[in-house]
Amino acid sequence: MHIVVCIKQVPDSTQIRVHPVTNTIMRQGVPTIINPYDLFALEEALRLRDLFALEEARWLRDPSRGKVTVVTMGPPMAAQALRKALTYGADRAVLVTDRRFAGSDTLATSFALSCAIAKIGERFGPPDIIFTGKQTIDGDTAQVGPGIAKCLNIQQLTYIKRVTRIDHLRRSIDVERCLEGGTQFIESKMPCLITMLDGLNTIRRGSIDESLRAARSSILTWGVADLGVRDVDKFGLKGSPTVVKRVFAPAPRAQKSVQLGTANKTVRHVADELVAWISSHQPKLADGPLSKPGA
Amino acid sequence: MMMKLPTQFQDHRHVWVYIELEESQVNPVSIELLGEGRKLADKLGAQLAGVVMGPPKGGGGGPALEEAFAYGADLVYLVESQLLTNYRNEPYTKALTDLVTIHKPEILLLGATTLGRDLAGSVATSLKTGLTADCTELNIDSDGSLAATRPTFGGSLLCTIYTLSSRPQMATVRPRVMSMPERQTKPVGRIIRHELTMVEEEIATKVIGFLADNRSDRPDLAKADVVVGCGLGIGAAINLKHVGALARTIGGEMGCTRPLVQKGWASSFRQIGQTGVTIRPKLYIAAGISGAVQHRVGAEGADLIIAINNDPHAPIFDFAHVGVVADAHRLLPALTKAFSRLMPLRERQLCELRVKAYE
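Residues numbered from 1 in each chain as written. Chains lettered and ligands numbered in written order. Predicted model: local features only at pLDDT ≥ 70, side-chain atom pairs only at ≥ 80, totals over all residues. Heavy atoms only, no water.

Chain A appears in an unreviewed UniProt entry as Protein FixA from Neorhizobium galegae bv. orientalis str. HAMBI 540. The record in UniProt for chain A states the following under Sequence similarities (unreviewed entry): "Belongs to the ETF beta-subunit/FixA family." Quoted verbatim from the Function (unreviewed entry) field of UniProt, the annotation for chain A is "May play a role in a redox process involved in nitrogen fixation." (UniProt positions renumbered as here; feature names shortened; annotations may be inferred.)

Pasting the structure below:
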């Protein structure tokens, strides 16, 4: 079993601040992390590898199988994220980096990553499963996973919470997919791309051995020229159909909010005032949901 | 905005809305999108079309067609096939991609549901066109291109995105972000049928089963009339009990911001905002929430927003109706008490009403 996991290094969005005057992002001092959703994908990949490596070695008489390759596209510093993934237990890491990838939207990113995955397949054997997180916390689009699947022309399985069964002989995989109203049970052929939902597993703590190995292992670095695509206009800004034209802070409401509560009023006083305000300004509201019996 | 549209896209016209079906019922987000699509179509002087896909029912699409016309569609593209019984990516992507290739819409809108996002991502990649996810505002620019606005950078700013060099211009919108249009009684209009050219053997997935959630233990934030939300300003996980107590007292649901979910203080079902649930309650009490854009877009549809925050410069005061500069974890218990002083009276009144009704 060969599993590829796509990860992304993202700024820790909970710590991003906007400059109050210029409306620009203040990135200084904001730590970067592996996109949290990608860690669920990585853990699921490691779990499946561990689960099936033994079985495969026994049945296929091929101890070389059972590898997890992590891949990321980004600036050279994204290598840190890959290094971290290696310490968690990934076997190989590939960094896709080139100035010509800059400005990629989700379509161009999907294309570049799918080229990298195709090359990983040529080099290390075709992947059975490709994992991504359900979305990134900086872009939040959830589009790159489906994009990669389409570019590679393989099945996409989005919002998966668990892989329940893998049948190597029939090359099929069973997954649980989370929908708005419940859980869908799906059987799919492999290879496939899975976008992992959050919450059902926790990334392992890598062992000291893994950390030492991670520190020693080299990270493969590929640029545009390595991906074997003649039409370089498919990458970066030129390969991106969408264009961001304007970035702005949302305007405040025309009417500034009524301010209640000052330092010299007691909490109880403020609370009473607030409740009175709500009751007087929203008579419908006070007669409606607020008076639900059993509340 | 200058148009550099290649010639092969120049005959793309009209606005399409993908009508999502949930057990043959129209998902409300599709109706919200029909309302929004109608406005865009009118600005472009174009027609609004709905796209309905599903299993054959004899009679043609059933209530979905009626709904599409009642909420403003001029025509409906209909694809019926046994292969479309359950949502599966391949047949749905094939059907929608083929429809777009043949009938050439200028704009294609989908709901940002799990189904909509799954479908939109692969359709946009197949068509090599732009897709803007989770838009909060859609507009037509002076030159006729779609200006799609969405939060960016983890929710600190908004950005407006254009698709200049390809068609259709695609966007998804989350449920309850756009308001519900009014229903009109209109007869079913023009229907254009399309045959799905695919066989079961070409599809790699099978749906083996479905287990509906036990909804009783899950909050339904999206439909709640009253929501009490809290953010990191609440201080500690233990203070969440004050939020829960207030929510219970006023018959509402408890919500929270993403950092709380990431810290493991609350379940992700309770997350309000761009990546969580969009709420449209009558009353929203936001306690200890600074008000990042991502939270704002999920909550600003509330009729009345009360913000409690000890930072007088918190962005939430820019969109709240009433602001209280105070520590949320101190004010919340006081509010609970103040409301419960009010409650017994109301309940007494209710009882009297019931007694009168029986007399």
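After that view of the structure, there is still more to cover.
K.L.:
Explain the overall build of chain A to me, using residue names and the numbers behind them.
P.N.:
Looking only at helices and strands, chain A features seven helices and 15 strands. For chain A, buried positions account for 53% of its 295 residues. A separation of at least 24 residues holds for 70% of the contacts in chain A among residues at least 6 apart in sequence. Looking at chain A as shown, the accessible area adds up to about 14,100 Å², and 55% of this sits on carbon and sulfur atoms. (Helix = DSSP H or I, 4+ residues; strand = E, 2+ residues; numbered from the N terminus. Buried < 20%, exposed > 50% of the residue type's maximum accessible area, 1.4 Å probe, protein only. Contact = heavy atoms within 4.5 Å. Areas by Shrake-Rupley, 256 points an atom, 1.4 Å probe, with all protein chains shown as cover.)

K.L.:
Before we move on, could you go through the packing of helix α3 (residues 89-103) of chain B against helix α4 (residues 114-127) of chain B and cite the residues and values that matter?
P.N.:
Residues and elements named next belong to chain B. Axis separation between α3 and α4 bottoms out at 9 Å; the angle between their running directions is 50°. Overall, the two elements α3 and α4 adopt an arrangement that is oblique. Here α3 and α4 pass one another in a crossing that is right-handed. Facing Asn89, Tyr92, Thr93, Leu96, Thr97, Val100 and Thr101 of α3, the residues of α4 in contact are Asp118, Leu119, Ser122, Val123, Ser126 and Leu127. (Axes fitted to C-alpha atoms, helices over the stretch in contact; angles between N-to-C directions. Parallel < 35°, antiparallel > 145°, perpendicular 65-115°, else oblique. Left-handed = near helix turned anticlockwise from the far one by under 90°.)

K.L.:
Outline the sheet that holds strand β7 (residues 92-96) of chain A, supporting the account with residue identities and numerical values.
P.N.:
Within a beta sheet, neighbouring strands are joined by backbone hydrogen bonds and run either parallel or antiparallel to one another. Taken in spatial order, the ten strands make up an open sheet running β13(A)-β7(A)-β6(A)-β1(A)-β8(A)-β12(A)-β9(A)-β10(A)-β11(A)-β13(B), and their pairing is mixed. Across the chains shown, the open sheet's two edge strands, defined by having one partner strand only, are β13 (220-222) of chain A together with β13 (205-212) of chain B. For this sheet, the mean inter-axis angle between neighbouring strands, taken without regard to orientation, is 30°. Where β7 of chain A lies against β13 of chain A, three bridges are found, and the strand directions are parallel. (Pairing = 2+ DSSP bridges.)

K.L.:
Break down the sheet that holds strand β14 (residues 226-230) of chain B for me, with residues and values.
P.N.:
An order of β15(A)-β18(B)-β17(B)-β16(B)-β14(B)-β15(B) is seen for the six strands of this open sheet, with the pairing classed as parallel. Because the sheet does not close on itself, it has two edges, and the strands there are β15 (258-260) of chain A together with β15 (253-256) of chain B. On average, each strand axis in the sheet is inclined to that of its neighbour by 20°, with strand direction left out of account. Pairing between β14 of chain B and strand β16 (residues 283-287) of chain B: five bridges, direction parallel. From the neighbouring strand, Val228 of chain B faces β16 of chain B, where its bridge partner is Ile285 of chain B.

K.L.:
Help me get a handle on empty space enclosed by the protein, residues and values and all.
P.N.:
Following the criterion strictly, the structure yields five cavities of 30 Å³ or more and no others. Of the volumes computed, that of the largest cavity is approximately 100 Å³. As for the largest cavity, its lining consists of 14 residues, and the residues nearest its centre are Gln156, Arg177 and Ile186 of chain A together with Arg88 and Asn89 of chain B. Mapped by element, the contributors of at least two residues to the lining of the largest cavity are β9 (155-167) and β11 (182-189) of chain A together with α3 and β13 of chain B. Counting residues per element, the lining of the largest cavity draws most heavily on β9 of chain A, at four residues. Its residues placed into classes, the lining of the largest cavity shows four nonpolar, six polar and four charged. Each pocket or cavity is described by its volume, and for the second largest cavity that value is around 70 Å³. Lining the second largest cavity we find 13 residues, and of these Thr106, Leu107 and Gln143 of chain A together with Ala124 and Thr125 of chain B sit closest to its centre. For the lining of the second largest cavity, the elements supplying multiple residues, two or more each, are α3 (106-124) of chain A together with α4 of chain B. In terms of residue class, the lining of the second largest cavity is made up of three nonpolar, nine polar and one charged. (1 Å grid on protein atoms, 1.4 Å probe; cavity = no way out; pocket = protein on both sides within 12 Å on 5 of 7 lines; lining within 4 Å. Points joined across faces, edges and corners; volume = space filled by probe spheres on them. Nonpolar A, V, L, I, M, F, W, Y, C, P; charged D, E, K, R; others polar.)

K.L.:
If you had to explain the interface of chain B and chain A to someone new, which residues and values would you point to?
P.N.:
Between chain B and chain A, the residue contacts involve 92 residues of the former and 82 residues of the latter. Buried area between chain B and chain A, summed over both chains or domains, comes out near 7,400 Å², and the portion from carbon and sulfur atoms is 58%. On the surface where chain B and chain A come into contact, there are two salt bridges. With its nearest N and O atoms 3.6 Å apart, the salt bridge here joins Asp140 of chain A to Arg258 of chain B. (Buried area = accessible area lost by both parts, 1.4 Å probe. Salt bridge = Lys/Arg side-chain N within 4 Å of Asp/Glu carboxyl O.)

K.L.:
Provide a residue-level description of the pairing of strand β6 (residues 67-73) of chain A, including the pertinent values.
P.N.:
Residues and elements named next belong to chain A. Here β6 lies mainly inside the structure; six of its seven residues are buried. Note: strand β1 (residues 2-6) against β6, five bridges, orientation parallel. Bridge pairing links Cys6 to Val71 in β6. Two strands pair when backbone bridges link them, and β6 and β7 are joined in this way by five bridges, in the parallel orientation. Following the sheet pairing, Met73 is matched in β7 by Val96. Crossover handedness for the path β6 to helix α2 (residues 79-88) to β7: right-handed. (Right-handed = clockwise from strand over helix to strand, strands pointing away.)

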